[in-house]
Amino acid sequence: MKIYNTLTHGLSEVAPLKPGTVGIYTCGPTVYRDAHLGNFRSYLMTDWIRRALEFQGLDVYHVKNITDVGHMRQEMLDRGEDKVIAAALAEGKTPEEIARHYTERFLSDERKLNIEPAHVYPRATDHVADMIVVIERLIEKGVAYEAKGNVYFDVDGFPSYGLLSGNVDEQGLLEGVRVDADRLKRRQRDFALWKAAEPGRELRWDSPWGEGFPGWHIECSAMSIKYLGERFDIHTGGADNVFPHHEDEIAQSDSFTGGPVVNTWVHGQHLLADGVKMAKSARNSFTVSDLEVKHVDPLAFRYLCMTARYRTRLNFTFTSLKAAQRALQRLRNRVWEWGSSPNGPEAAEESRTQWEARFIERLNDNLDMPGALALTWEMAGSGLPGRIKLEMLCRFDRVLGLGLGSSPDTGAAPSEISAGVKKRDLLREKARQHLAELPELGSSVARRAQAARGAYREADALRDAFRTQGYVIQDTPAGARARPKSRWERRQESHPEVSSSADVLSLLSQPDAVDVTIGVVANGYLEDVERCIGSALRWADGRRAEVVAVDNGAVDGTGAWLDDMAAEDDRFRVIHADHRLGEAAARNIVLKQGRGCTVLMLDTSVEIRGDLYGPIDELLDDEGVGVVGPFGLRTGDLRHFHEDEAQAAKGDVDAIQSYCFAFRRKAAAGVGLMRETFRFYRNLDLDYSFHFKDKGYRIVADPGLPVRRHTHRAWAELGEAERDELSRNNFRRFLRRWGGREDLLVASRDPHEGSDHLHGLPHTTAPD
Ligand code: AMP
Ligand code: ZN
């Protein structure tokens, strides 16, 4: 097998140093938080390398460390960077308990993704003594020095430093390292092997240099050498590990042993989300549990990762994930089909060997998983007899690891996958059992087989009947078979989910069906959602009202609550989004689906405290009025928007704030949808208000409307920097479109025409 070696910038042949056994070390998880899908993309890469080698008869000895030292980075806690860990510590949990908790979750996620467990998962905290031995030797050899209880690696003492990352000059080496003001280092590029414990640090170890804790990279040197020896075959990690982590590891390990420790360095490219590296700090990370909450099979993510080569970036989207889920389902369908295909003529041994050789060729070509997958599909569509295809598929799946033939719904254990023939019998048996358990279904399968020949309509009716009973009919060479629907298929039917507003039909041109649409985008915060919708309905008595709610990818049970409401109250309509859509996109779904004469868009932070609908209708009865609401804004220059004047009394304003935003559906049909480049809510309301103005409508605020604002939690949760950035970006969008359109402003209208009555009025306080 040839694989790209980051160190040599070329392909390296994997030739096991110990005959027959390949040693692999993988930089494992940091266990003070959940690993995200980006981390798992890296672990999947190594899993495929391992399976590909095992498939070809090699043994693999796999070591994956558990970093349970990182969570002790006191500075980080002090800065409050990790809320999860800070909260757990506040609850009285010990660092060990936290590490154990997240280790368990990691191992369970690995199982769900069918990642073969490593042979050893050494924990950093169990190996501090080994690290100290390495550090002592490095000092002896003169490549490390002590300074006030700290020990540093002297980069000048290791001439090949920089070869892995290509950062060879001092300047380059500094890039990417945060310049810490560590004055004890001789040179900035030296790095810590041991650090003295600061006061208050809980986890600390005794050492020849006093109490302290190990540096970031030493654990991997100590543990890889301990478990795999002074020379081993493959070391893997994600691209961000190259520098400084692995560069430093090479310096430590090679100085310690006197020779190159690792033969081949393999790095997987990043998984992106929304175009940037998936990372917890970027708030674009998803976990395996996030997939499960959405009823996506974690193995669909495994399939998705197979569609790109490991050295290219892969952008994660729910649309591509769903496509992967469908493809996986199609492969599973094949398994069902072939499982019941008749015993055909034996395929020539030669033909099987050929398929397998081509498969291995893909794997050995620098782990070409997309190629291996394409070949699998090619084989599935080939003219081989079904049962041979099943056998081949099960063999290939020893590498792919998709659990084919052991779909969660058929309940077979992954260990059964490898035994292709056994698997087939098992599936047959299962199919028989299902049909036997449901005799009436069994006989209708036979009836359906007959019907398929002639009466198509009857066949379709039967198919539907099966579908409602939770079965799918597949036509196989042996006749029609019924198989139980997978969990995912059931979920899709009961909870269709949309991926964008384009998935939603627009009813805007259809006639009104009710008086008012109460439109809500629920981004979680269930209590707020309940309060908002509950209060809006309480005051809607005597009106024909409907609630159109977008469950915007919330994972806190909001979607389920909305479904419950919809089940009890037919005024409710819920549209589930498969992930968090941008604010404008989500509001457009409300706009497209609402059938009320008036559309009232509410932010879930508000509460309705009186009859709102009467006054709104009165205001909107004036056909010249486009948008109304309690919280208006005015501006003189399109740059500064003020609440105070607009809050003084009922009157014309330049925009209505999104907390409570009402208009006629008929008018919106002429104005159009909101601009979906506004993913964040802020200033979207300005933009949409201006679209109304541009069509000649007036905007009127009535601060007396009985609407109360509570903490806007989506805003409160954001950090200062994020607020600024998101708001600024949206404001730029607004200004690009409306800059120079002062003609639209209330301030530039004829003073006699009505705006001046606002001036000089005493300011009232904003509604609380
Ligand atoms: P960490 O827990 O941050 O040490 O990361 C564990 C492993 O996941 C390391 O090998 C990282 O290089 C890798 N990794 C982190 N983020 C991503 C990402 N977005 N895509 C792929 N691999 C990643
Ligand atoms: Zn490591």
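### A look at the side chain of Gln 329
Positionally, Gln 329 belongs in helix α11 (residues 318-339). Assessed through its relative accessible area of 6%, Gln 329 is described here as buried.

### Let's talk about the packing of helix α10 (residues 298-306) against α11
Interaxial distance between α10 and α11 falls to 8 Å at its minimum, and their mutual angle equals 100 degrees. Comparing the axis directions of α10 and α11 gives the class roughly perpendicular. Of the residues in α11, those touching α10 at Leu 299, Ala 300, Phe 301, Tyr 303 and Leu 304 are Ser 320, Leu 321, Ala 324, Gln 325, Ala 327, Leu 328, Leu 331 and Arg 332. Its residues placed into classes, the contact of α10 with α11 shows 10 nonpolar, 2 polar and 1 charged.

### Concerning the coordination of the zinc ion (ligand 2)
Only Cys 27 (SG), Cys 220 (SG) and His 245 (NE2) from the protein coordinate the zinc ion (ligand 2), and they sit 2.1 to 2.2 Å from it. Look at where the donors of the zinc ion (ligand 2) fall in the sequence and you get C-x192-C-x24-H. Of the two residues, Cys 220 is situated in helix α7 (residues 218-228) and His 245 in helix α8 (residues 242-257); the sequence distance between them amounts to 25 residues. You can call His 245 buried: its relative accessible area is 14%.

### Topic: the packing of helix α12 (residues 349-364) against helix α13 (residues 369-380)
It is the contact of α12 with α13, at a shortest axis distance of 7 Å, that shows an interaxial angle of 160 degrees. One way to sum up the angle between α12 and α13 is to call them roughly antiparallel. Note that α12 runs across α13; the crossing there is right-handed. Between α12 and α13, the contacting residues are Trp 355, Arg 358, Phe 359, Arg 362 and Leu 363 on the first element and Met 369, Gly 371, Ala 372, Leu 375, Thr 376, Glu 378 and Met 379 on the second. In terms of residue class, the contact of α12 with α13 is made up of 7 nonpolar, 2 polar and 3 charged.

### Examining the confidence of the model for the chain
For the chain, per-residue confidence averages 85 on the pLDDT scale, and 82% of positions sit at 70 or higher. Ignoring residues within four places in sequence, the model shows residues 433-440, a span with pLDDT below 50, making 7 contacts including any to other chains.

### Details of the sheet that holds strand β23 (residues 632-635)
The strands that make up a sheet pair up through hydrogen bonds in the backbone, lying either parallel or antiparallel. Overall, antiparallel pairing links the 3 strands, which are arranged β24-β23-β26 in an open sheet. Each of the sheet's edge strands pairs with one partner strand only, and the pair in question is β24 (641-642) and β26 (655-656). Examined bridge by bridge, β23 and β26 share 2 bridges and lie antiparallel to one another. Across the sheet, residue Gly 632 finds its bridge partner in β26, namely Ile 656.

### Describing the environment of Glu 116
Mapping Glu 116 onto the fold places it in the loop between α4 (95-112) and α5 (128-140). A residue is classified by how much of its surface remains accessible, and Glu 116, at 19% relative accessible area, is buried. Setting aside anything within four residues of it in sequence, one finds Glu 116 in contact with Asp 47, Arg 50, Arg 51 and Glu 54.

### Some words on the site of ligand 1
The immediate surroundings of ligand 1 are formed by 16 residues, with Gly 38, Ser 42, Asp 240, Asn 241 and Leu 271 found nearest. Here an oxygen atom of ligand 1 and a side-chain polar atom of Thr 30 are 3.2 Å apart. Contact distances for ligand 1 include 3.0 Å between an oxygen atom and a backbone N or O atom of Gly 238. The protein chains hide 90% of the 490 Å² of surface that ligand 1 would expose on its own. When residues of the shell around ligand 1 are traced back to their parent elements, those giving at least two are α1 (37-55) and β9 (232-238). Looking at the shell around ligand 1 element by element, the count peaks at 4 residues for α1. Residues belonging to the shell around ligand 1 are distributed by class as follows: 3 nonpolar, 10 polar and 3 charged.

What counts, and at which threshold
- Residues numbered from 1 in each chain as written.
- Chains lettered and ligands numbered in written order.
- Predicted model: local features only at pLDDT ≥ 70, side-chain atom pairs only at ≥ 80, totals over all residues.
- Heavy atoms only, no water.
- Helix = DSSP H or I, 4+ residues; strand = E, 2+ residues; numbered from the N terminus.
- Buried < 20%, exposed > 50% of the residue type's maximum accessible area, 1.4 Å probe, protein only.
- Axes fitted to C-alpha atoms, helices over the stretch in contact; angles between N-to-C directions.
- Parallel < 35°, antiparallel > 145°, perpendicular 65-115°, else oblique.
- Contact = heavy atoms within 4.5 Å.
- Nonpolar A, V, L, I, M, F, W, Y, C, P; charged D, E, K, R; others polar.
- Donors = N, O, S within 2.8 Å, 3.2 Å for Na, K, Ca; no water.
- Left-handed = near helix turned anticlockwise from the far one by under 90°.
- pLDDT = per-residue confidence, 0-100.
- Pairing = 2+ DSSP bridges.
- Near = heavy atom within 4 Å.
- Polar contact = N/O pair within 3.5 Å; in protein donor to acceptor, adjacent residues only side chain to side chain.
- Areas by Shrake-Rupley, 256 points an atom, 1.4 Å probe, with all protein chains shown as cover.

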